[in-house]
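The residues making up each chain are set out below.
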Amino acid sequence: MTHVPTPGAVSRPQSGNLSMLARHIAFGLFAVLIYLGPAPGQIFGSHSPWLREWVMFSGVGVGIPNGRFVVRHEDGAETMHTPLEAADIEQYPLILHYLFENRIFATEHFAHFAAPLCATAPETSSVRFEGSVGTRQGWQALKIENICASSEGKKP
Amino acid sequence: MNAGVMLRDFVAWGPDATGPTRAVALMRIGLATMAIVRFGAEVAPFAAETFSELLLGLVFFIFAIAALLGVRARLSIGLLGLTIFLLYGMRQAGLGTAGWNHHHVYLLGISCIFLMFTDCGRSYSFDRWTAIQSGNRVLPEHGILWGQRLIALQMSALYFWTAVDKSDQAFISGQRLEQIFVWSYSGRTLEILLASPMLLALMSCAVLVVEYFLAYAILTRRHRATAIFIGLSMHSTFYLLLPVSTYSATMMLLYLALLDPQSVQKFTKRIQEP
């Protein structure tokens, strides 16, 4: 037959003993780390890999254009393309957003994003972007002319 | 209420917490399962390219399975947490697989470590079963729970700081949510959600209010039931609408830490021993 001690007979903290003191100190240190750990990074911008910040999904959509790419042909006619059409993709890939190489952080990155469009647009045409790009501070309105001529579309 | 009484109540609730152990045992089983779901395919032996990776994978599975079954439960869940933090640290150093240093991995690892500070092996465990089978002294399903309280504090802090991160014009206006949706839904069926900027702004404000509310309410007896309902609804919505990996599922599992352990014990007894 098994012996089952009463609940009160086990694990009841013994006042004044060393293990209780250690537990109280550990709990206090953990509590401080839990509540104040994110503060340096999130309030003062002093980031550390050892102090977890809780900024989930805050970077998703950063560097993604929202607007239209316009191809102006030699005869003055214009054709509109969505960002997905310009990048020649059906959707943004279901990968970690920061692994998407075509994100835009500078105007010269537009050429890289819209490289498929630039490759098919007639040499005598010009391509511009009208819209905005995602940043941590919201959408940044932009109008960029001659995207394809701005650079070779290479990202550093 | 004076400061001395408040401190005494806090100590009784926190570092001195004891009680029935079925809730923390269920969390142990859930977290070990979650770890296997999250990392199984990435650290399994078939994916190893070096001997070190093979060793790492074996260590991970040994601790994960031991924690799942409750073999030396407190030790194994703690070692599983440390192994998850090893993966987290490897990615911080530029090694391993992308995503290992994400918030959901940190949450999984720290929860396993905190669970080590509970008697999570006294219920639903191999340890208990072997003690019963061998006729040895069986420890009661009652023990220390201060790790459970740390998990509750971690959840509260997480809600608070993520709300702080959202407390700016860009989020409240709906722009940041729109960016997330543009990335996630462009060219997909749910692209229709992008049609109404007003709806996005309302959704953003709702999320912000709810997260500040949860940061406070999950720790109060008075609002806990409401907070649990709202919190589970929010995480279910996140899980269905965004590619959040194991984050939402882990958070929903951790809501066990907010329940009264006595109530969980009574509930499980009622359904197991009608």
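Calculation notes
Residues numbered from 1 in each chain as written. Chains lettered and ligands numbered in written order. Predicted model: local features only at pLDDT ≥ 70, side-chain atom pairs only at ≥ 80, totals over all residues. Heavy atoms only, no water. Helix = DSSP H or I, 4+ residues; strand = E, 2+ residues; numbered from the N terminus. Rg over C-alpha atoms; globule rule 2.2 N^0.38 Å. Contact = heavy atoms within 4.5 Å. Areas by Shrake-Rupley, 256 points an atom, 1.4 Å probe, with all protein chains shown as cover. Salt bridge = Lys/Arg side-chain N within 4 Å of Asp/Glu carboxyl O. Buried < 20%, exposed > 50% of the residue type's maximum accessible area, 1.4 Å probe, protein only. Disulfide = S-S within 2.5 Å. Buried area = accessible area lost by both parts, 1.4 Å probe. Polar contact = N/O pair within 3.5 Å; in protein donor to acceptor, adjacent residues only side chain to side chain. Nonpolar A, V, L, I, M, F, W, Y, C, P; charged D, E, K, R; others polar. UniProt positions renumbered as here; feature names shortened; annotations may be inferred. Pairing = 2+ DSSP bridges. Phe/Tyr/Trp six-rings, centres within 6.5 Å; stacked < 30°, edge-to-face > 60°. Lys NZ or Arg CZ within 6 Å of the ring centre and 35° of its normal.

Named according to an unreviewed UniProt entry, chain B is HTTM domain-containing protein originating from Sulfitobacter profundi.

Trainee: Lay out the overall build of chain B in plain terms, naming residues and giving numbers.
Mentor: Scanning chain B from terminus to terminus reveals 13 helices and 2 strands. Here the C-alpha radius of gyration of chain B, 21 Å, is about what a compact globule of 274 residues would show, namely 19 Å. Projected onto the principal axes, the alpha-carbon positions of chain B cover approximately 65 × 60 × 40 Å. Taking the contacts inside chain B whose residues are at least 6 apart along the sequence as the reference set, 72% of them involve residues at least 24 apart. With an accessible surface of roughly 12,100 Å², chain B has 68% of that area assigned to carbon and sulfur atoms.

Trainee: Break down the side chain of Q265 of chain B for me, citing the residues and quoting the values.
Mentor: Tracing the chain through its elements places Q265 of chain B in helix α13 (residues 261–272). In contact with Q265 of chain B, other than residues within four places in its own chain, are P20, T21, R22 and E141 of chain B.

Trainee: Please set out the pattern of salt bridges residue by residue, giving values where relevant.
Mentor: Under the criterion given, the structure shown has 12 salt bridges over all chains. As a salt-bridge pair, R68 of chain A and E130 of chain A come within 3.0 Å of each other at their nearest N and O atoms. Separated by 62 residues along the polypeptide, R68 of chain A in strand β1 (residues 65–72) and E130 of chain A in strand β3 (residues 126–135) bring together distant segments of the chain. Residue R22 of chain B pairs with E141 of chain B through a salt bridge whose shortest N-O separation is 3.1 Å. Of the two residues, R22 of chain B sits in helix α2 (residues 22–43) while E141 of chain B sits in the loop between α6 (126–134) and β2 (142–144), which places them 119 residues apart along the sequence. Comparing R22 of chain B with E141 of chain B shows no difference in burial state: the two are buried.

Trainee: Which residues make up the state of the cysteines, and what values go with them?
Mentor: Residues and elements named next belong to chain B. Within this structure, the stated rule accounts for 1 disulfide over all chains. Of all cysteine sulfurs in the structure, the one in C112 sits closest to C120, which takes part in no disulfide; the separation is 9.5 Å. Judged by relative accessible area, C120 falls into the buried class, the value being 0%.

Trainee: Describe the interface of chain A and chain B, with residues and values.
Mentor: Across the contact, 55 residues belong to chain A and 59 residues belong to chain B. Of the roughly 5,000 Å² buried between chain A and chain B on both sides combined, carbon and sulfur atoms contribute 68%. Across the contact surface, chain A and chain B share 1 salt bridge. At the junction of chain A with chain B, the criterion picks out 15 residue pairs in polar contact (both at pLDDT 80 or more). The set of elements that each furnish at least two residues to the side of chain A that touches chain B consists of α1 (18–36), α2 (39–44), β1, β3 and β4 (138–144) of chain A. If one sorts the elements of the side of chain A that touches chain B by residue count, α1 of chain A sits on top with 9 residues. Looking at the side of chain A that touches chain B residue by residue, the class counts come to 35 nonpolar, 15 polar and 5 charged.

Trainee: How would you explain the UniProt feature "transmembrane region" (unreviewed entry) in chain B if you had to name every residue and give the values?
Mentor: All names here are of chain B. In this numbering, the UniProt entry assigns the feature "transmembrane region" (unreviewed entry) to residues 54–71, 78–98, 104–122, 143–161, 192–217 and 238–258. Structurally, residues 78–98 comprises 71% helix and 0% strand, and the distance from its first C-alpha atom to its last is 24 Å. Helix makes up 81% of residues 192–217 and strand 0%, whereas the separation of the span's terminal C-alpha atoms amounts to 34 Å.

Trainee: Before we move on, could you go through the pairing of β1 of chain A and cite the residues and values that matter?
Mentor: All names here are of chain A. Alignment of β1 against β3, held across 8 bridges, turns out to be antiparallel. Paired with G67 across the strands is G131, a residue of β3. Bridge count for β1 against strand β2 (residues 78–81) is 4 bridges, and the pairing is antiparallel. The residue of β2 that forms the bridge with R72 is E78. Hairpin connection between β1 and β2: a loop of 5 residues separates the two successive antiparallel strands, and G76 in this loop has a positive phi of roughly 95 degrees.

Trainee: Account for the environment of E191 of chain B, with residues named and values stated.
Mentor: All names here are of chain B. Following the sequence through the fold, E191 ends up in the loop between α9 (175–185) and α10 (197–217). On the basis of relative accessible area, E191 is assigned to the partly exposed category, the value being 37%. C-alpha of E191 to C-alpha of R22: the two residues are 169 residues apart in sequence and 43 Å apart in space. With residues near it in sequence (within four places) discarded, E191 still touches Y185 and S186. Among the polar contacts made by the side chain of E191, one reaches the main-chain amide nitrogen of G187 at a distance of 3.2 Å.

Trainee: Lay out the packing of aromatic side chains in plain terms, naming residues and giving numbers.
Mentor: With the rule as written, the count across this model stands at 24 aromatic pairs over all chains. Geometrically, the ring pair formed by F85 of chain B and Y88 of chain B is edge-to-face, given 5.8 Å between the ring centres and 70 degrees between the ring planes. Residue F85 of chain B and its partner Y88 of chain B are located together in helix α4 (residues 73–92), separated by 3 residues, close to a single helical turn. Taken together through their ring pairs, the aromatic side chains of F27 and F30 of chain A together with F10, W13, F114, F117 and W146 of chain B make up a single cluster. When the ring centre of W54 of chain A is taken as reference, the NZ or CZ atom of R52 of chain A above it lies at 5.9 Å. Over the face of the ring belonging to F39 of chain B we find R38 of chain B, whose NZ or CZ atom lies 4.9 Å from the ring centre.

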